[in-house]
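# Coordinate analysis (summary)
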Amino acid sequence: MVVFSTIHFFSFAFSAFAFVWLAAGKNCKTLDGKWYNQLGSEIFLKHENDGKLLGEYRTAAERQNGSAGKTHSIVLGSAPYDYPGAAFAFSVVWRNGSSTTVWTGQCLVCEDGYETLLTSWLLRSKVDTCIDKWKSTMIGRDTFTRYEQYDGPRKPNETNTEAPPTVVTVIKNWDPDGQNKPCNLNGNWYNSLGSEMILKQGEDSVIEGEYRTAVERETGAAGTSHSKVLGIGQLGGPSSTFAFFVVWRNGASVTGWVGQCHICGENKTEIIESTWLLRSKIEKCSDNWKSTLYSESSFTHTETEPGPRKKDGTHTPDRDDKNPRACKGCQLLFSSLFWVYACSVLWYSGINVSK
């Protein structure tokens, strides 16, 4: 009986040690290499020292025949370098901007001991008018592992482990005069919450810039300064889709947007209509259910709400509890209540006098 218990004890101890050793040996120290999702798609990533994620995507599924193009697609993303387990984002532009997918996720070692990329995604397809945005976006989740979960298209020459060093010819029908056309994405953009986004798109179709958010999920979540924007989309294509993302506080959270620029209304207003995913870092795979927020946001070149501004030297949300942002109509509401109260007092006093 003692021997049996001893054997079980050592067996349990060895299993626990093996699990810890496996997890320690594969603890998401790098995102480099090949990953496979539950549909059979393959993603090949190379993490650069500046935080960029570059690579190739071979999808095993498409919404309709031909929507994924005729060859693999280029991946562009962002993840803090040398921060294992940080939140990250990456995107793929399909068929020169006819649709774009953005993923937000985190690498974790799950209960089975294997590295896993837990991700959520938005797939944005281009639409013809501003009011058609209701049918533009799909949402879902992907789980990527180092091992193949299902058959699918694969990168040839299995011994080649080098991802493209730069984003080359991502958008083949680049318009050299795109920067002079409406909806070229360059310039200052503001949303209805007061956040400011400053974008610049280069000839390689890569979008870079600065983001100053007017809101944060909790105090300090947005960091102590503005955040870097990275994205990709067809340059000068008002009917094409694009993606951009912001990593907050070294990967404590990440937001990924997919959108399309429209020219709307009688005033011909340029509007970026977008949907976004905000992914927060979690400690274990079973907490994945609470990791992600989803919503929509519209950006224009016109400021409609106050917020942090580059020109003012402000970069973060207003965190002064003694001076919170005033709501529109509050002063009118309080004034109305005061006069109602005053009239009630006078009316009541008049009744007492008449008595």
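Residues numbered from 1 in each chain as written. Predicted model: local features only at pLDDT ≥ 70, side-chain atom pairs only at ≥ 80, totals over all residues. Heavy atoms only, no water.

### Digging into the pairing of strand 13 (residues 241-248)
Most of strand 13 sits inside the fold, with eight of its eight residues counted as buried. Side chains Thr241, Ala243, Phe245 and Val247 of strand 13 all project onto a buried face; the interleaved residues Phe242, Phe244, Val246 and Trp248 project onto the opposite face, where all are buried too. Bridge count between strand 12 (residues 227-233) and strand 13: five bridges; the pairing is antiparallel. Residue Gly233 lies in a different strand from strand 13, and its bridge partner there is Phe242. Across eight bridges, the pairing between strand 13 and strand 14 (residues 253-264) is antiparallel. In the strand pairing of strand 14, Ala243 is matched with Val258. (Buried < 20%, exposed > 50% of the residue type's maximum accessible area, 1.4 Å probe, protein only. Helix = DSSP H or I, 4+ residues; strand = E, 2+ residues; numbered from the N terminus. Pairing = 2+ DSSP bridges.)

### Quick word on empty space enclosed by the protein
It is the rolling of a water-molecule-sized probe over the atoms that shows where space remains empty. In the structure shown here, the tally under the stated rule is two cavities of 30 Å³ or more. Approximately 50 Å³ is the volume found for the largest cavity. Along the walls of the largest cavity sit Arg124, Lys133, Ser136, Thr137, Glu273, Ser274, Thr275 and Glu296, which together make up its complete lining. For the lining of the largest cavity, the per-class residue count stands at no nonpolar, four polar and four charged. (1 Å grid on protein atoms, 1.4 Å probe; cavity = no way out; pocket = protein on both sides within 12 Å on 5 of 7 lines; lining within 4 Å. Points joined across faces, edges and corners; volume = space filled by probe spheres on them. Nonpolar A, V, L, I, M, F, W, Y, C, P; charged D, E, K, R; others polar.)

### Thoughts on the sheet that holds strand 11 (residues 206-212)
Strand order in the closed barrel made by the eight strands is 9-10-11-12-13-14-15-16, with antiparallel pairing throughout. Adjacent strand axes in the sheet meet at a mean angle of 30 degrees, parallel and antiparallel pairs treated alike. Pairing of strand 9 (residues 187-191) with strand 10 (residues 196-201) involves four bridges; the strand directions are antiparallel. Paired with Trp189 across the two strands is Met197, which belongs to strand 10. (Axes fitted to C-alpha atoms, helices over the stretch in contact; angles between N-to-C directions.)

### Describing the packing of aromatic side chains
Enumeration over the complete set of coordinates arrives at ten aromatic pairs. Ring geometry for Phe90 and Phe144: centres 6.5 Å apart, planes at 70 degrees, overall edge-to-face. Here Phe90 is found in strand 5 (residues 87-94), whereas its partner Phe144 is found in strand 8 (residues 137-145), with 54 residues between them in sequence. In this structure Phe90 comes out as buried when scored by relative accessible area, which is 0%. Phe144 sits in the buried class, given a relative accessible area of 0%. By the ring-pair criterion, three or more aromatic residues cluster together here, those being Tyr57, Phe88, Phe90, Trp94, Trp103 and Phe144. (Phe/Tyr/Trp six-rings, centres within 6.5 Å; stacked < 30°, edge-to-face > 60°.)

Don't take any of this as a statement about function, it's just geometry.
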